[in-house]
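A structural walkthrough
Read off the chains here:
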Amino acid sequence: MNDDEAFFSEVRQRIFAGSIPQSAVDTLNLILAEAKKRDITDLRWTAYIMSTVYGETGKEMRPIIERGSRNYFNKYEGRQSLGNTQPGDGFKFRGRGFVQLTGRRNYTLFSDLLGIDLVKSPESALRKDYATAILFDGMVNGRFTGVGLGKYFTGSFEDFLNARRIVNGTDKAKTFADRAEKFLNALE
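Residues numbered from 1 in each chain as written. Predicted model: local features only at pLDDT ≥ 70, side-chain atom pairs only at ≥ 80, totals over all residues. Heavy atoms only, no water.

Looking at the overall build of the chain
Along the backbone of the chain there are 8 helices and 4 strands. For 188 residues, the compact-globule formula gives about 16 Å, and the C-alpha radius of gyration of the chain, at 16 Å, lands near that figure. When its C-alpha atoms are laid out on the principal axes, the chain stretches across 55 × 35 × 30 Å. Counting across all 188 residues of the chain, residues that qualify as buried make up 49%. Working note: accessible area of the chain is about 9,300 Å², and carbon and sulfur atoms make up 47% of it. Taken together, the 28 basic and 24 acidic charged side chains of the chain have centroids lying 6 Å from each other. (Helix = DSSP H or I, 4+ residues; strand = E, 2+ residues; numbered from the N terminus. Rg over C-alpha atoms; globule rule 2.2 N^0.38 Å. Buried < 20%, exposed > 50% of the residue type's maximum accessible area, 1.4 Å probe, protein only. Areas by Shrake-Rupley, 256 points an atom, 1.4 Å probe, with all protein chains shown as cover. Lys, Arg positive; Asp, Glu negative; His and termini not counted. Charge placed at Lys NZ, Arg CZ, Asp CG, Glu CD.)

Let's talk about the nonpolar core
V11, L28, Y48 and M139 are the most contacted members of the largest nonpolar core, which totals 52 residues. Put simply, the parts of the chain that give this core at least two residues each are α1 (3-14), α2 (22-37), α3 (43-56), α5 (104-114), α6 (128-141), α7 (149-152) and α8 (173-187). Each residue touching M139, except ones within four places of it in the same chain, is listed here: Y48, I49, T52, F144, G148, L149, I166 and V167. (Core = buried A, V, L, I, M, F, W, Y, C linked by side-chain atoms within 4.5 Å. Contact = heavy atoms within 4.5 Å.)

Some remarks on the side chain of E66
Structurally, E66 can be placed in the loop between β1 (64-65) and α4 (89-92). One buried charge, E66, has no salt-bridge partner; the nearest side chain with opposite charge is K75, at 4.4 Å. A distance of 2.6 Å separates a polar atom in the side chain of E66 from a polar atom in the side chain of Y76. (Salt bridge = Lys/Arg side-chain N within 4 Å of Asp/Glu carboxyl O. Polar contact = N/O pair within 3.5 Å; in protein donor to acceptor, adjacent residues only side chain to side chain.)

Quick word on α1
Taking 1.5 Å of rise per residue, the 12 residues of α1 would be expected to cover 16 Å, and the 16 Å separating its terminal C-alpha atoms lies within 8% of that figure. Every buried residue belonging to α1 is among F7, F8 and V11, and all of these are buried. Seen end-on, α1 carries its buried residues on one side only, within an arc spanning 90 degrees. In this structure, α1 carries Q13 and R14 as exposed residues pointing more than 90 degrees from its buried face. Buried residues in α1 make contact with α2, α3 and α8. (Expected span 1.5 Å × (residues − 1). Arc of directions from axis to C-beta.)

Details of α6
Because the α-helix completes a turn every 3.6 residues, residues three or four places apart line up on one side. When the terminal C-alpha atoms of α6 are compared, their 19 Å separation across 14 residues agrees well with the 20 Å that a helix rising 1.5 Å per residue should span. In terms of residue burial, α6 counts as a mostly covered element, since 10 of its 14 residues are buried. What α6 keeps buried is the set Y130, A131, T132, A133, I134, L135, F136, D137, G138 and M139. Those residues of α6 that are buried are in contact with α2, α3, β2 (96-97), α5 and α7.

Examining the pattern of salt bridges
With the rule as written, the count across this model stands at 13 salt bridges. With a closest N to O distance of 3.9 Å, D171 and R164 form a salt bridge. Its relative accessible area of 37% is what places D171 among the partly exposed residues. Connected through shared salt-bridge partners, E34, K37 and R38 make up one network.

As for the packing of α1 against α2
Contact pair α1 / α2: the axes reach a minimum separation of 12 Å and the direction vectors enclose 130 degrees. With respect to each other, α1 and α2 are oriented oblique. As α1 packs across α2, the resulting crossing turns out to be right-handed. Seen from α1, the contacting residues are F7, F8 and V11; seen from α2, they are V25, L28, N29 and L32. Considered class by class, the residues forming the contact of α1 with α2 number 6 nonpolar, 1 polar and no charged. (Axes fitted to C-alpha atoms, helices over the stretch in contact; angles between N-to-C directions. Parallel < 35°, antiparallel > 145°, perpendicular 65-115°, else oblique. Left-handed = near helix turned anticlockwise from the far one by under 90°. Nonpolar A, V, L, I, M, F, W, Y, C, P; charged D, E, K, R; others polar.)

Brief notes about the packing of α1 against α8
One way to put it is that α1 packs onto α8 with a least axis distance of 8 Å and a crossing angle of 155 degrees. Regarding the angle of α1 to α8, the classification is roughly antiparallel. Here α1 and α8 pass one another in a crossing that is right-handed. Residues F7, E10, V11 and R14 of α1 pack against K182, F183, A186 and L187 of α8. In terms of residue class, the contact of α1 with α8 is built from 5 nonpolar, no polar and 3 charged.

Structure below.
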């Protein structure tokens, strides 16, 4: 059995309860390729990225649009912390992608970083190539919350539980941590 077969066999059994959809295989391969391209050698970083995508997409392992009725997104209206300064920004800049990029401020930030106009076309954050770039840049460089993977995984230090703060505070932190450790076991 080669390394890819062993990895996917382990992931299939321990994370996907015996059956892994092709879309998940494709996304995991995309994450592995991006980690290699970016010369990420710490497998804990890759495992935590995989766990984040699994959790943030509701196990779909593909870029998604944040779910909810139009009224649900009123909670984002006028939120200065998100840069939502114009009427309708809450809905227009609702979460999209592998990590639910949210708010005019974040769409503007990643527009500048990627050289694309996500503000004019927020749905572009659903493209796998853009969603992957946003995912890695946000998690590695701390662009989502100000902290990146290097704070939680460096040398022999690791903190799977608090690494959730990279994307979303401590929301479901134990679940994300446990799943990341399963991905790590599969990668090793």
